[in-house]
Amino acid sequence: QVQLVESGGDLVQAGGSLRLSCTASGIIFGIYHMYWYRQAPGKQRELVALITTGGNPNYADSVKGRFTISRDNAKNTMYLQMNSLKTEDTAVYYCNARRDSGGIYWGQGTQVTVSS
């Protein structure tokens, strides 16, 4: 059974930092590209960042220079370090695992709330 479990969401003041984690089980973590998405109330889910199996990151323009995605294949875990948080970063953050040959999995989400 595949599980992706996010953690690290919290209430934080604008300008603060948080680190999200996504731990996978039931998959060979190293062969999956990993993604962070977020969904704010009343808005569509949007891609925040991704990291390939080779460790190459890519970011949405809105978070470039503030967020850093990383992965530790030995721990089956992906991270999202979020610095200089803004109120507009408030959302439920989801991790997603995707393989080139097929297979897509989602976590249940973790709430990030940034107060002004």
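You'll find the structure just up there.
Residues numbered from 1 in each chain as written. Predicted model: local features only at pLDDT ≥ 70, side-chain atom pairs only at ≥ 80, totals over all residues. Heavy atoms only, no water.

Colleague: How should the nonpolar core be read in this particular structure?
Modeller: In globular proteins that are soluble, nonpolar side chains generally tend to be buried together. Of all hydrophobic cores here, the largest spans 29 residues; its most connected members are Trp36, Met78, Leu80, Met82 and Tyr93. Elements represented by at least two residues in this core include exactly β3 (18-25), β4 (33-39), β5 (46-51), β7 (67-72), β8 (77-82), β9 (91-98) and β11 (110-115). (Core = buried A, V, L, I, M, F, W, Y, C linked by side-chain atoms within 4.5 Å. Buried < 20%, exposed > 50% of the residue type's maximum accessible area, 1.4 Å probe, protein only. Helix = DSSP H or I, 4+ residues; strand = E, 2+ residues; numbered from the N terminus.)

Colleague: Even after reading the chapter, I still don't get the pattern of salt bridges, so can you show me in this structure?
Modeller: Two side chains bearing opposite charge may form a pair once their charged atoms approach each other closely. Across all of its chains, the model carries four salt bridges by this definition. A salt bridge links Arg38 to Asp89, with the nearest nitrogen and oxygen atoms 2.9 Å apart. Separated by 51 residues along the polypeptide, Arg38 in strand β4 and Asp89 in the loop between β8 and β9 bring together distant segments of the chain. Close ionic contact of Lys64 with Asp61 constitutes a salt bridge, the shortest N to O distance being 3.2 Å. On the basis of relative accessibility, which here comes to 48%, the residue Lys64 falls in the partly exposed class. Here the salt bridges do not stand alone but share partners, grouping Arg38, Glu46, Arg66 and Asp89 into one network. (Salt bridge = Lys/Arg side-chain N within 4 Å of Asp/Glu carboxyl O.)

Colleague: Would you explain the side chain of Arg38 in this entry?
Modeller: We classify Arg38 as buried; its relative accessible area is 6%. In this structure the side chain of Arg38 is engaged in a polar contact, spanning 2.7 Å, whose partner is the side chain of Glu46. In this structure Arg38 touches Gln44, Arg45, Glu46, Val48, Ser62, Val63, Phe67, Glu88, Asp89, Ala91, Val92 and Tyr93, once residues within four positions along its chain are discounted. (Polar contact = N/O pair within 3.5 Å; in protein donor to acceptor, adjacent residues only side chain to side chain. Contact = heavy atoms within 4.5 Å.)

Colleague: Quick question: what am I supposed to make of the sheet that holds β8 here?
Modeller: Two pairing modes exist for strands in a sheet, parallel and antiparallel, and in both the strands are linked by backbone hydrogen bonds. Taken together, the four strands give an open sheet; going across it, the order is β1-β3-β8-β7, and neighbouring strands pair in antiparallel fashion. Looking at strand neighbours, the two that pair on one side only are β1 (3-7) and β7, the edges of this open sheet. Direction aside, neighbouring strands of the sheet carry axes that sit 15° apart on average. As judged from the six bridges shared by β7 and β8, these two strands associate in the antiparallel manner. When the sheet's bridge partners are listed, Asp72 is paired in β8 with Thr77. (Pairing = 2+ DSSP bridges. Axes fitted to C-alpha atoms, helices over the stretch in contact; angles between N-to-C directions.)

Colleague: Would you explain the pairing of β5 in this entry?
Modeller: The two faces of a sheet get side chains in turn, since along a regular strand they alternate between them. Across five bridges, the pairing between β4 and β5 is antiparallel. In the sheet register, Met34 faces β5, and the bridge partner there is Ile51. The pairing of β5 with strand β6 (residues 57-59) spans three bridges and is classified as antiparallel. What sits directly across from Ile51, in β6, is Pro57. Counted along the chain from β5 to the antiparallel partner β6, the turn is five residues long, and its residue Gly55 has a positive phi close to 90°.

These figures come from the coordinates and say nothing about function on their own.
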